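Given next are the chains, with one letter for each unit.
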Amino acid sequence: MVVRKEDLSPAKLSGGTKTDEKKKTSENSLKTTSYWLASSQPQREVKASGEFDYEKEINALPPPPPERPASPMSGNPLKLKQLIPLKLVREEEDDKKARGADPGRVLCSVSGKVITTQAVVAIRSSGQVMLKSVYDELAKPTMTCPVTGKKFKEKDVVELQKSSSGFAASGQVIATKYNPTLT
C-alpha cells in the first residue's frame, strides 16, 4: 500500500468535515458581524438578457413602516387623544454647573428630588410627575394634585415604568441565606 504525503494531512486523517464545518461557521459569523467586508456586500442580480431586475428588487424590499406607531399595551395604532402631556420639572442651570450634573435630570414636581430609579407616578388630569412615595403621603389621601390643586380620580393616576441603572439586576433585591451542607 502506497501512502502519499497529502493523505497524511490532519484534515484528511480526521475526515475533513469538522474543520471544514468550523471554517464555514466562522466565515458565516464573520459575514453577519462584519458587514463592511466585500464578501458581505449584497450582490446585484442580472437577468439572462443582461438587464437589472428592478421588479425582483422592489418585491424584496421590506414593507413600509405604519403611519401611526402601535401601542405597547394593546398593539393597536396610537391615537392622539390617548397620549398624556406631562409637565416635567428639570434642574436649574446653577444646580447643573455646581454639581457637574447632566443637563436634563428630571425632578419630582412636589419635593424637588432627582428622579432616578425610584417608582414614579403621573397624574393624567394635571400632567404632574412625582415620586410614588410623595404621591402616597400628600396626594392620595386628599385626591388633589399638590401642585395645581385640581381634584383627580384613582383612574387618573398612571404609574410610570421604573428606569434601570447599568447594573444587571437593578430594581430587584433578592436575598437568600446560604446554608452550606456537609456531605
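What counts and what doesn't
- Residues numbered from 1 in each chain as written.
- Predicted model: local features only at pLDDT ≥ 70, side-chain atom pairs only at ≥ 80, totals over all residues.
- Heavy atoms only, no water.
- Helix = DSSP H or I, 4+ residues; strand = E, 2+ residues; numbered from the N terminus.
- Buried < 20%, exposed > 50% of the residue type's maximum accessible area, 1.4 Å probe, protein only.
- Contact = heavy atoms within 4.5 Å.
- Areas by Shrake-Rupley, 256 points an atom, 1.4 Å probe, with all protein chains shown as cover.
- Pairing = 2+ DSSP bridges.
- Axes fitted to C-alpha atoms, helices over the stretch in contact; angles between N-to-C directions.
- Core = buried A, V, L, I, M, F, W, Y, C linked by side-chain atoms within 4.5 Å.
- 1 Å grid on protein atoms, 1.4 Å probe; cavity = no way out; pocket = protein on both sides within 12 Å on 5 of 7 lines; lining within 4 Å.
- Points joined across faces, edges and corners; volume = space filled by probe spheres on them.
- Nonpolar A, V, L, I, M, F, W, Y, C, P; charged D, E, K, R; others polar.
- Arc of directions from axis to C-beta.
- Salt bridge = Lys/Arg side-chain N within 4 Å of Asp/Glu carboxyl O.
- Polar contact = N/O pair within 3.5 Å; in protein donor to acceptor, adjacent residues only side chain to side chain.

**Q** Lay out the overall build of the protein chain in plain terms, naming residues and giving numbers.
**A** Helix and strand counts for the protein chain stand at five helices and five strands. Helices (α) and strands (β) of the protein chain occur, in sequence order from the N terminus, as α-α-α-β-α-β-β-β-α-β. Across the 183 residues in the protein chain, those meeting the buried criterion constitute 17%. A fraction of 30% describes how many contacts in the protein chain between residues 6 or more apart in sequence connect residues 24 or more apart. For the protein chain, the exposed surface amounts to about 15,600 Å²; the carbon and sulfur share of it is 56%.

**Q** Could you give me a rundown of the sheet that holds strand β5 (residues 157-160), with the residues and numbers involved?
**A** Spatially, three strands are ordered β4-β3-β5 in an open sheet, and the strand pairing comes out antiparallel. Each edge of the sheet is formed by a strand with only one pairing partner; in this case those strands are β4 (129-131) and β5. On average, each strand axis in the sheet is inclined to that of its neighbour by 35 degrees, with strand direction left out of account. Relative to β4, strand β3 (residues 120-123) is paired through three bridges, and the arrangement is antiparallel. The residue bridging alanine 122 from the neighbouring strand is valine 129, located in β4. Contacts between helix α5 (residues 132-142) and the sheet are confined to β3, β4 and β5, with β4 contributing the most and set at about 95 degrees to the helix.

**Q** I'd love a proper account of the nonpolar core, names of residues and values included.
**A** Judged by nonpolar contacts, the single largest core of 17 residues is most densely connected at Ile115, Met130, Tyr135 and Phe152. Setting aside residues no more than four positions away along its own chain, isoleucine 115 makes contact with Val106, Leu107, Cys108, Val120, Val129 and Leu131.

**Q** Hey, could you go over the layout of surface pockets for me, with residue numbers and the actual values?
**A** By volume, the largest pocket amounts to about 340 Å³. Ser71, Pro72, Met73, Leu78, Gln82, Leu83, Ile84, Arg124, Val158, Glu159, Leu160 and Gln161 together form the lining of the largest pocket. Considering only residue class, the lining of the largest pocket consists of seven nonpolar, three polar and two charged.

**Q** Just give me the short version of α5, but keep the residues and values in it.
**A** Among the residues of α5, those classed as buried are Val134, Tyr135 and Ala139. Looking down the long axis of α5, one finds its buried residues gathered within 90 degrees of arc, a one-sided arrangement. Facing away from the buried side of α5, by more than 90 degrees, are the exposed residues Glu137 and Pro141. Summarising the contacts, the buried residues of α5 are in contact with β3, β4 and β5.

**Q** Account for the pattern of salt bridges, with residues named and values stated.
**A** Pairs may arise between side chains of opposite charge once their charged atoms sit close together. According to the stated counting rule, one finds two salt bridges in the structure shown. In this structure, aspartate 136 engages lysine 132 in a salt bridge whose closest nitrogen and oxygen atoms are separated by 3.9 Å. One end of the pair is aspartate 136 and the other is lysine 132, both in helix α5 and four residues apart, which spans about a single turn. Residue aspartate 136 is classed as partly exposed on the basis of its relative accessible area of 34%.

**Q** Break down the side chain of threonine 144 for me, citing the residues and quoting the values.
**A** Structurally, threonine 144 is set in the loop between α5 and β5. Polar contacts involving the side chain of threonine 144 include one to the side chain of threonine 142, which spans 2.9 Å. Residue contacts for threonine 144: discarding those within four places in its chain leaves Ala139, Gly149, Lys150, Lys151 and Phe152.

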